[in-house]
Amino acid sequence: PVGDHGWTYRHDIGRQQVEEAFGDKVETVFVESVPEGPDAERVMRDMARSGVDIIFTTSFGYMNGTLKVAKEFPDVKFEHATGYKQSDNMASYGLRLYQARHVQGIIAGMMTKTNKICYVAAFPIPEVIREINTYYLGAKKMNPDVEIMITWANTWYDPGKESQAATVMMAEGCDMVAQHTDSPAPLQAAQAQGKLGFGQASNQIKFAPKAQLTATIDNWGPYYIKKVGQVIDGTWESGDYFGHMNDGSVQMAPFTNMPADVAAKAQEIKDAITAGEYFAFTGPLKDNTGKMQLADGEVATDLQLNQMMYYVEGIDATVPGN
């Protein structure tokens, strides 16, 4: 739902910003809570038949359906979020949200009192695996004794399941809650237990003012405005966009509920990432089976990031399905 205050909410903010930017030059429509699979394809076809010029599909699981429907409607432009497939009339786009997640890890590593941090994960896809890894790498950088617990909620949005996952891990000693699900429920569960955590996709501090340390903020608006503008003036082209802290598409909420030295370190890492001087996925990097994934000094390519289906060395868990 667009009211999830997370991922979908921020995409809808981008849609609203398109309306603000173009006024009566555009009309936008949206359908929320669309299951992946045949339902998604049906919604895309209905949109295409209704005369829209560009369709944005905002979940990884919509990728193959988007590609299929794009072939059926060659005169409509399609944009798919977080995937890796393109065609003449289908582009892909995403944000380097792992950059903000690494800063969260830096904070978690410095703030944990139990040396146990945890992660409420949605689905085992490369984007989620990548952020678990970078969160852990950030925490490990600051605290060699840190351990991470991971619970798969197998949903993008289910406040009850999200809260339960966080609560169970806190009962096992976790005192830093991160999430890749979209409601504020894990953060609210952390506050109820006197623990700390991070907002997801938007600034969620109003839901847990005593618990939120910072949040990743997904800023889709500039990309949406740019691509809609290209459709209007006839210059739209397919491609793959991967937004960065340095273009303002990956943002973070203010650093709160933390000592000044932690905030200063977090800001230092954030500034270095923004400047292109710091990259978490730099070799030597082994996975947790001991296999070398990045050689000494090697920086992960976008393709390697988008196909990451392994946990890094030190994570005592197995990627579901592997």
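Before going into details, it helps to say that this report is about the structure given with it. Only a predicted model underlies this, so the values are computations on that prediction, with no experimental measurement involved. (Residues numbered from 1 in each chain as written. Predicted model: local features only at pLDDT ≥ 70, side-chain atom pairs only at ≥ 80, totals over all residues. Heavy atoms only, no water.)

Let us now look at the state of the cysteines. If you walk through the whole model with that rule in mind, you get one disulfide. Across a sulfur-sulfur distance of 2.2 Å, Cys-118 and Cys-174 are joined as a disulfide pair. When the S-S torsion is -70°, as for the bridge of Cys-118 with Cys-174, the disulfide is left-handed. Here the residue Cys-118 occupies a position in strand E4 (residues 116–121), and Cys-174 occupies one in the loop between helix H6 (159–171) and strand E6 (176–179), the gap between them amounting to 56 residues. The buried category is assigned to Cys-118, whose relative accessible area is 0%. (Disulfide = S-S within 2.5 Å. Helix = DSSP H or I, 4+ residues; strand = E, 2+ residues; numbered from the N terminus. Buried < 20%, exposed > 50% of the residue type's maximum accessible area, 1.4 Å probe, protein only.)

As for its position among the elements, Asp-175 is in the loop between H6 and E6. Residue Asp-175 is classed as buried on the basis of its relative accessible area, which comes to 8%. Taking the C-alpha atoms as reference points, Asp-175 and Lys-116, 59 residues apart in sequence, are found 6.5 Å from one another. Sequence-distant contacts of Asp-175, defined by excluding residues within four places in its chain, comprise Thr-112, Lys-113, Thr-114, Lys-116, Lys-195 and Leu-196. A polar contact is formed between the side chain of Asp-175 and the backbone nitrogen of Thr-114, at a distance of 3.3 Å. (Contact = heavy atoms within 4.5 Å. Polar contact = N/O pair within 3.5 Å; in protein donor to acceptor, adjacent residues only side chain to side chain.)

Okay, unusual backbone geometry next. Cis rather than trans, the peptide bond between Gly-283 and Pro-284 has omega equal to 10°. Looking at the secondary structure, you find Pro-284 in the loop between helix H9 (260–274) and strand E11 (285–286). Phi angles above zero are rare outside glycine, and Ser-33 is one such case at about 55°. You can see Ser-33 is positioned in the loop between helix H1 (7–22) and helix H2 (38–49). For Ser-33, a relative accessible area of 52% corresponds to the exposed category.

It is worth spelling out the pairing of strand E3 (residues 90–95) at this point. Where burial is concerned, most of E3 is hidden: six out of the six residues are buried. Side chains of E3 alternate between two faces, with Met-90, Ser-92 and Gly-94 and Ala-91, Tyr-93 and Leu-95 buried alike. As paired elements, strand E2 (residues 77–81) and E3 share four bridges and run parallel to each other. Each residue of the ladder has a partner; that of Ala-81, found in E3, is Tyr-93. Pairing of E3 with strand E9 (residues 240–243), which is carried by four bridges, proceeds in the parallel orientation. Its bridge partner being in E9, Ser-92 is matched across the sheet by Asp-240. (Pairing = 2+ DSSP bridges.)

Pairing is mixed in the open sheet, where six strands are placed in the order E5-E4-E6-E7-E8-E10. The two strands at the open ends of the sheet, each matched to only one other strand, are strand E5 (147–152) and strand E10 (250–252). Within this sheet the neighbouring strands show an average axis-to-axis angle of 20°, counted without direction. Here three bridges tie strand E8 (residues 212–218) to E10, and the two strands are oriented antiparallel to one another. Residue pairing in the sheet places Asp-218 in a bridge with Val-250 of E10. (Axes fitted to C-alpha atoms, helices over the stretch in contact; angles between N-to-C directions.)

A word on the sheet that holds strand E1 (residues 54–57). Taken in spatial order, the four strands make up an open sheet running E1-E2-E3-E9, and their pairing is parallel. Every interior strand has two partners, whereas the edge strands, E1 and E9, have only one. Taken over all neighbouring pairs, the strand axes of this sheet differ in orientation by 20° on average, direction set aside.

Once that is clear, we can look at the environment of Lys-85. When you line up the elements, Lys-85 lands in the loop between E2 and E3. The class of Lys-85 is partly exposed, set by a relative accessible area of 27%. Setting aside residues up to four positions removed in sequence, Lys-85 forms contacts with Met-63, Asn-64, Leu-67, Met-90 and Ser-92. Among the polar contacts listed, one links the side chain of Lys-85 to the side chain of Asn-64, at a separation of 2.7 Å.

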